[in-house]
Structures are given as structure tokens and as C-alpha cells.
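Report on the structure
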Amino acid sequence: MSNHAETEHHIVSPKLYVVIFLSLLCLTGLTVAASYVEMYSFNVVVALGIAIVKAMLVVLFFMHVKYSSKLTKLTVFSGLFTFMVLIFMTLADYISRAWGRW
Amino acid sequence: MPENTAIAGATEVEGHHEHPPYQRHHFETMGQQNDATNFAMWLFLLTEIMFFGGLFTAYLIYRNWYYPAFVQGSHQLSIFWGTLNTAVLITSSFTMAMGVWCAEMRKKSALVLCLVLTFVLGLVFLGIKSIEYHEKWEKHHVPGLRYNLDSFLNPASDHEVYQEYHDKPLPLDMARHTELYFFLYFAMTGMHALHMIIGIGILTFMIIQAQRGAYTTGHVTFVENFGLYWHFVDIIWIFLFPLLYLISRHAN
Amino acid sequence: MSDTIVVLPDQATARLPKTNYLNKENGLLSWLLTGDHKRIAILYLISITFFFFIGGALASLIRLELLTPQSDLMATDTYNKVFSMHGIIMIFFFLVPSVPATIGNFFIPMMLGAKDLALPKINLLSWYLYMAAGTLAIYSMIVGGVDTGWTFTTPLSTHYVNTHVITTGLAVFIAGFSSIFTGLNFIVTIHKMRAPGMTWFRMPLFVWSHYAASILMVLGTPVLAIALVLIVLERTIGIGVFDPTKGGDPLLFQHLFWFYSHPAVYIMILPGMGVISEVISTFSRKRVFGYTAVAFSSVAIAVFGFFVWAHHMFIMGISNYAVLVFSLLTMLVAVPSAIKIFNWAFTLYKGSVTFETPMLYAFGFMGLFTIGGLTGVFLGTAGTDIHLTETYFIVAHFHFVMVGGMLMAFLSGIHFYWPKMTGRMYPEKISQLAAVVTFIGFNFTFFPQFILGTLGMPRRYASYPPEFQVLNVFSTAGASILGVGYLLPVLYLTWSLKYGAIAGNNPWQATGLEWQTQSPPLTENFTEIPIVDHEAYDYEWLERQKEKEVASA
């Protein structure tokens, strides 16, 4: 037997799934609508912001991370962290290669 | 569901207590087994994040280097099909989540229904994707294999797109870089589609198993872990959609 | 005080245990379809040894060619293929899986008090992937090989060479998945399969270092995979992502490649460091000094490992600011590595040190790794790197770390764990000789290369100016001594399988859970799941155990 208690198995109610599903659809509509509005460089910010919110909804509720152990949360976080390291450390080179042109 | 909760973890270690048939011999309790496989699935998803990470990095760099080419490249994509596909995929994610719930509640026929719906929606997604790919093929926008620059050197010749965006012609040098945009488009959506195809394959197996009642006797880990995979594929698309289709609509 | 701690049972009455993992089932199929982590470890051990000797044969070809200044043994492009295949086979088919897939696979579950790894089928799959990848690599070698260097450098690999880049790339891609599955399995096992009472800070340091290496395997390898996929696509349909004429950036490949391949260096060395921790403690009869520091230094190496990759690219045209930042970050990695070396040295201090074979190899590791590590600091310093990179200095540096460090650790581990894996001892004197021969041969081979490098001899050429010949002859002579040093263990270890003395449960009087069972172990490792109530490396606990056994007997 493992010396730490297994995670409590939480069952999310279908009602919550429906709510999440509908909000995902709404956010999809919203992001498409937003892309038709001229916001200059903010178009990117809004689109990615909405994408992040959508991804979080999926991760937290569909993938049950909200109800999962600290270990699962840490795992998700470490994946994002390394992903960010890859992107930002690489960009650090590219941005500083052509300073001011980014 | 008491069978799936931590209660099993509290039973005594000594002696040979009764194991459910699906418990592997090297685990002490069902709870331990479920936890371990679930954790393994998450670790596998980490590798997937990093796998796509390389492509996202490439996208970021080249979009910044060849901004006008990426803008006009993205004008070639149909926001209609993209949006529809996003909705299809989100719906399939929802039916999958409901599938996990059905398995947990031991509703066999509902589980089969959910899995079949997910399966069908997955196929619809791939169908729409192939319509889009076909259009790219027709318009000679497949990098490496079938590519020409007409739509970017002379945007007015491409009536439909021109009416919407009124793109100015790109200089030859920049126009050639649209090929990089389309490569990244095909690489990212293609890699995503490959994951969908694998997922659909596993779904076929699961539907057969579910019909035999394999997941509705208290052992839901497989369905759950597949759900994680399917949602992950959904998340990748959630990012691909704005990056490839949306964010360049107004940038000119 | 005796000069050895080895305690063997009375050979007249001693027998190997009647049932063990080796004879539980018979027949080839029972091995090929096994889920037992110990059997998979043996499968890995055999296949890894095979690839090591292929890589070694290629290495001897390289050294033979470099005996004379002209390229006379083989054509220059054959030489390019030979050193490329040497690198690819040694790195992806020997160093990366060496300790984790063999010793780690065998002992991590036992050290944790578990019956098996968490995912036995995935473990077997990982071996099959390894074999498939290995077969593909050998195939590509037979049909003509690859001459890009093990780094698949673009645009050379995508545009200028006409060798089997795709086949080899796919082989490495598949080997990567084998490595991912091993790492994933270890992480899950370490988190979820520990015996009652086995807290994180009671785990042997071997497990800690494997944990750190596994994190790197899981998070780093996929990036290599995508980089290789892009290479294959670039070669097949010419997508242009690394092609400057189409606007692609060859440096992007370097970023992606080294994002994995720098951490890969730690994937290779960390498990070796784990072995050294076990060996040093056992043969000094002392708890590893600063246990927590050593444990966390493994994790620190893993984390820092992700922030330093561009130091492989200083002369490739990355920005000067990036050079500055990555150079500075590179220095950080030296800190946890030094913590380890210092703590092992302090473990020896006032310990009852004995000099059995594993310990000799471990001493070799400490010395050679220190030299290799410190020359790494030279190379991490941007200024010196520009002078030394792409010379033999760098060749000597990574051979000191990988061969002097990792291979020494691997041999140390094999000698340390051999009695547990097979139940038999190897002849001590000749194995000590092998350790000494390896050490001498190694220094003869690679130390001259440091000098050659500082003198400016470039790497990757079949010919060189005649004034470098003396040192190259030294190096080649050393390589033949080294070759003897590697052949000896194969001979006497094989001999020992049949004729070696019966080892008994715990010949080294070591404290780990793996030593408290029979050797060779049972298929399910333990007759009952152990309950851990003591710290790692607690030699007093071991004494009390022995007293208890005597009292009950």
C-alpha cells in the first residue's frame, strides 16, 4: 500500500458540465465576434485571453483538475512552466538579435 | 461511488484479500492503481505539451519575422469553417465529459451513446478539416507539394478573399514566406488531426468494450484517462483556432 | 579493521535460492512477454552492451584513423559517417538508457519496497521501442550511414548531405519515446508505489537522482521529437522551416535540438551520480554527508538544466545578449554538481573506506567527473568558448563527463549490483585490475585531447597537421588500453554467471531494501511488503537487524 492516502474521487455533476459547455460555446462566439472589431494590437491580446480562459475551463472542470490532488495541479503547472521556458528563452535570443524591431 | 473512493485504501495490507479482476497484481489497492494510471496519463500529456511547444515556438518566431505574409496567409482560412469546427470539437469534449460521468454512474447505454456521439463529432471535425485541406490543395496552397504565390502577388485575382480583406500585393520576397505560414498551418493542424485520428481509433475500441459493460462495473479509469487525452486535444485546438484563423483578421 | 567488508556465505553449503525471478518461468517467450521489471532490466542490459560495443568499434576506427596525420585508413566522408554513427549510437542507444533502463529498472521498485514498476507493460513497450530504434539505426548504418554528426545540424542535414538522415532521424525519434516511457514509469512509481514508511527523505539518493533524470526525459525528449519530425519533413517535402532560402531559420533547429540535448546530458549523468551515492556510502560505512543537499542538488540540476541550452550555440550567431545570459546561467549548474562532489568527499572523510571494485570505479568517477565538470565551466564562459569550441578540447570535455563520469558510474553500478542481479560474485582481483586499467587507459586517451584542443586541433576531421601526431598517438594508444579495460568485465562477468562464488543476500553489508532480500530476488521482490522505519544509509539499523537474526537463529 502506498503510504499516502489516495485522492478522493470527486464526481462532477452533469449540470456543471452543461454550464461549462455553454460558456465555452459563448466564449467561442465572443472571440470570433471580437476578431471582427478593429482593436489594433489588442486583437491578439483579447483572442489569446479568451483562449486561455477557455483552456482553463476545460482543464479545471472537464479534466477535473479543480478537484484533483496537489500532485496533478503541480504536474499541470510544471508542464506550462517548461513550455514557457522553451518559448521565452528562445524568444530572448530572437528578440535581442534584432533589438527594437520586435 | 464508494468503489472508486479512497475507502479501498484503508483496507488492511496483510494477507490476500479479494481483488477486483481488473486490479493488476503489483498494486496493493484499486485506489493506488487508479491514482498511478491517472498520474501517468497526466505525465504523458506533459510530453504532448512540449511536443506542440516546438511548433508554437516556430509559429511565434516566424509570425513576428514575416508578419505581412502571415496576415495574408491567414486571410486564406475560412473563419466560418474554423468556428464551426471549434464548436464541433467543444461539443465532442462535452459528450466525452458526460461519458466519464455515465461510466461513473454505471449507466451503460448512456455511456455508449456518449462515446458514439464523441466518435461521430470527431469524424465530423476531421471531415470539415479535410474540406479545408481540399480547398488549400485546389488553390495551390500546400507548401512543398503544390504551391504558388498568385493569391499573394496579385490578391485581386482571388476574388472571394479580396472582397473581404482588400489585401495589397506583397513584394515577391515577402510573398514567398507565406509558404512558411501554410507549412505551420498544416503542421499544427495536421499534428492535431493525427491526435484526433488516434483518439477516434481508441474510441472505436472503447465503444465495443463499453457495450460489453467493461467500464460500468466500477472500473472507470480507462474512460477517464481517455477523456483527459480527448480534452487535451481540444485545448490544443482552442489555441490553434485564434492563432491561425482569428488574430490576423484586422492586421494589415 | 579488515580491508574488505565483503561477507560471503560459506561456499560449501551455500546454494542459489530455489525460486527466483530468473527461473520462475522458462523459455524465450517468457522473457519476451515478461512484465517483470527485473527481466526487462536484463533484456536492456544485454541489448545496451551490444550497442556499446558497436559504438566502441566505431570509436576504435576513429582512433585508428587519427593515428596518422593523413586520412589513410578511410575516405574522409567515411570518417564523417563513422564519428556520426559513433555519437548517435553511444548517446541515444547507450548513455541515455544505460543506468536508468538497466540498474534503475531493476532496483527502483526494490529500493522503494514495491513489487514492480507502476506500468509494467509500458516498461516492456519501452524496451521494444528501443530495439526497434536500434535495429533501424543499425540498418541505416549498413545501407550507408549518416554523416551529419550526432547533432543533425541544419542546414547540413536538410540540404547538403545525401546520406540516410531520415532513417537515422526516425531511429532517434523512436528511441526518444522509449526514453519518455522509462522516465514516465519512474516518476509514477516513485510517487505512487512507495512502501509504507518510505517517505521522500528516506529514499536512497539513487532514487532521487533517477527522479530528477526522469523529469528531464519526460519534459525534454518531446522537443527533440518535434525537431526531428521537422527535419524529416524538410528533407522529404521541403517545407522550408529551417531553410534560409525560404525564410526559415537553421538556428531554430539548434534551439529545439539543444533544448532537449542539453538536459539530455543530465539525463545521462544524473543516474550515474545516483549510483555513486550508493557506492560511496556503502564502502565508507557512513550515511551520505548532507543527504538532503545531495537530494535537492539532483532536482536543482534538472531544473537549471532547462535554462542553459544556448551555451552550445555561442558561435552560431545567436544574439550577444543571449550569450551573456546563457553563459551566466551555465555557471549556476556548476553549483549543484559541486555540492555533490563535496558531499561525497565529506562522506569519505572519517569513514571506514574499503577499496572493492565498485568503489574503485566510483573514485574514478569522482576524479574524472570533476575534471570534466570544471572544463565545462571553461566552455560555459563565452570568451573561452569562442576559442575552444569545435576543437578537441570540447571532445575531451564531454568524454570526461560521459565516459569518465557516466561510464565509470555504469561499471561501478554493474559491479555493485551484479551479486544481487545474478546471485554470484565476480573474481575480485581481476575486476580491480579492470577498474585500474580503465582509469589509466581513459586518461591516456582523453587527457592529450585537452592539450590538442587548446593547441587548436579542430574536431570532426580525418586529417590534421603533422605537429599534432605525438599527442594523437598517445590518445590512440590509450584507447587500446581502454578497450582492454572494457573487454575484461564482459569476460569475467560472463564467467561468474556459472563459476562465481555464491554471493548471499547482502555481500556488501549495504542498507538498502534491495539488499535485504534473497539474491537473485523473487519475481515479486519481497515475500511481504516491507514497512520502512529507518532512514536511508542507516548502518546502525543494519547492525540491529543482524543481531536480531542471530538471536532468532
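Everything quoted here is computed from the prediction, not taken from an experiment.

Quick look at the overall build of chain B
When you go through chain B residue by residue, the secondary structure sums to nine helices and two strands. The linear arrangement of helices and strands in chain B, starting from the amino end, is α-α-α-α-β-β-α-α-α-α-α. Compactness check: chain B gives a C-alpha radius of gyration of 23 Å against a globular reference of 18 Å for 252 residues, more than 25% above the reference. Summarising its shape, the C-alpha atoms of chain B cover approximately 80 × 35 × 30 Å along the three principal directions. Here chain B holds 252 residues, and the buried ones make up 62% of them.

A few points about the state of the cysteines
Residue and element names in this part refer to chain B. Tallied over the full model, the rule gives zero disulfides over all chains. Its sulfur unpaired, Cys114 is 4.0 Å from the next cysteine sulfur, which belongs to Cys102. Cys114 sits in the buried class, given a relative accessible area of 10%.

Re unusual backbone geometry
For the peptide bond that leads from Thr154(C) to Pro155(C), omega is -5°, which places it in the cis range. Structurally, Pro155(C) can be placed in the loop between helix H5 (120–142) and helix H6 (156–160). In the segment running from Ser519(C) into Pro520(C), the intervening peptide bond is cis, with an omega of -10°. Take Pro520(C): it is sitting in the loop between helix H16 (469–499) and helix H17 (539–552). At Tyr40(A), a position not held by glycine, the phi torsion is positive, near 55°. Positionally, Tyr40(A) belongs in the loop between helix H1 (14–35) and helix H2 (42–62).

Section: the domain arrangement of chain A
Residues and elements named next belong to chain A. With domains assigned, chain A is organised as domain 1 (13–66) and domain 2 (68–102). A straight line from the C-alpha centre of domain 1 to that of domain 2 covers 21 Å. The interface is formed by four residues belonging to domain 1 together with four residues belonging to domain 2. Buried area between domain 1 and domain 2, summed over both chains or domains, comes out near 290 Å², and the portion from carbon and sulfur atoms is 56%. If you sort the residues of domain 1 by the area they bury against domain 2, His64, Val65 and Lys66 come out on top, with a joint share of 87%. Where domain 1 packs against domain 2, one counts zero salt bridges.

A few points about the nonpolar core
What tends to happen in soluble globular proteins is that the nonpolar side chains get buried as a cluster. By size, the foremost hydrophobic cluster in this structure holds 303 residues, and its most contacted members are Tyr62(B), Phe93(C) and Phe365(C). Each of domain 1 (13–66) and domain 2 (68–102) of chain A contributes no fewer than three residues to this core. Excluding residues that lie within four positions of it along the chain, Tyr62(B) makes contacts with Tyr67(B), Phe70(B), Leu180(B), Leu184(B), Val241(C), Gly247(C), Gly248(C), Asp249(C) and Leu252(C).

What counts as what
- What you see as residue numbers is a count from 1 along each chain, following the sequence as written.
- To label them, take the chains in the order written and letter them from A, then take the ligands in the order written and number them from 1.
- Selection of residues for local features in this predicted model requires a pLDDT of at least 70, selection of side-chain atom pairs for listing and counting requires 80 or more, and totals for whole chains, interfaces and linings are taken over all residues.
- Each side-chain value is derived from all of the structure's non-hydrogen atoms; neither hydrogens nor water enter the calculation.
- Helix numbering and strand numbering both begin at the N terminus, where a helix is a DSSP run of H or I of at least 4 residues and a strand a DSSP run of E of at least 2.
- Our radius of gyration is a C-alpha quantity, and the globule rule it is checked against amounts to 2.2 Å times the number of residues to the power 0.38.
- Burial here depends on accessible area, computed with a 1.4 Å probe over protein chains only, as a share of the maximum for the residue type. Under 20% is buried, over 50% is exposed, and the range in between is partly exposed.
- A pair of sulfur atoms, both from cysteines and within 2.5 Å, is called a disulfide here.
- Domain ranges listed in this record stem from an automatic or a database domain assignment.
- Note on contacts: a residue pair is in contact if any heavy atoms of the two residues lie within 4.5 Å.
- By definition, the buried area sums, over both parts, the 1.4 Å-probe accessible area that each loses when the two are put together.
- What counts as a salt bridge is simple: a side-chain nitrogen of Lys or Arg found within 4 Å of a carboxyl oxygen of Asp or Glu.
- As used here, the term nonpolar core means buried Ala, Val, Leu, Ile, Met, Phe, Trp, Tyr and Cys residues forming a set that is joined through side-chain atoms within 4.5 Å.

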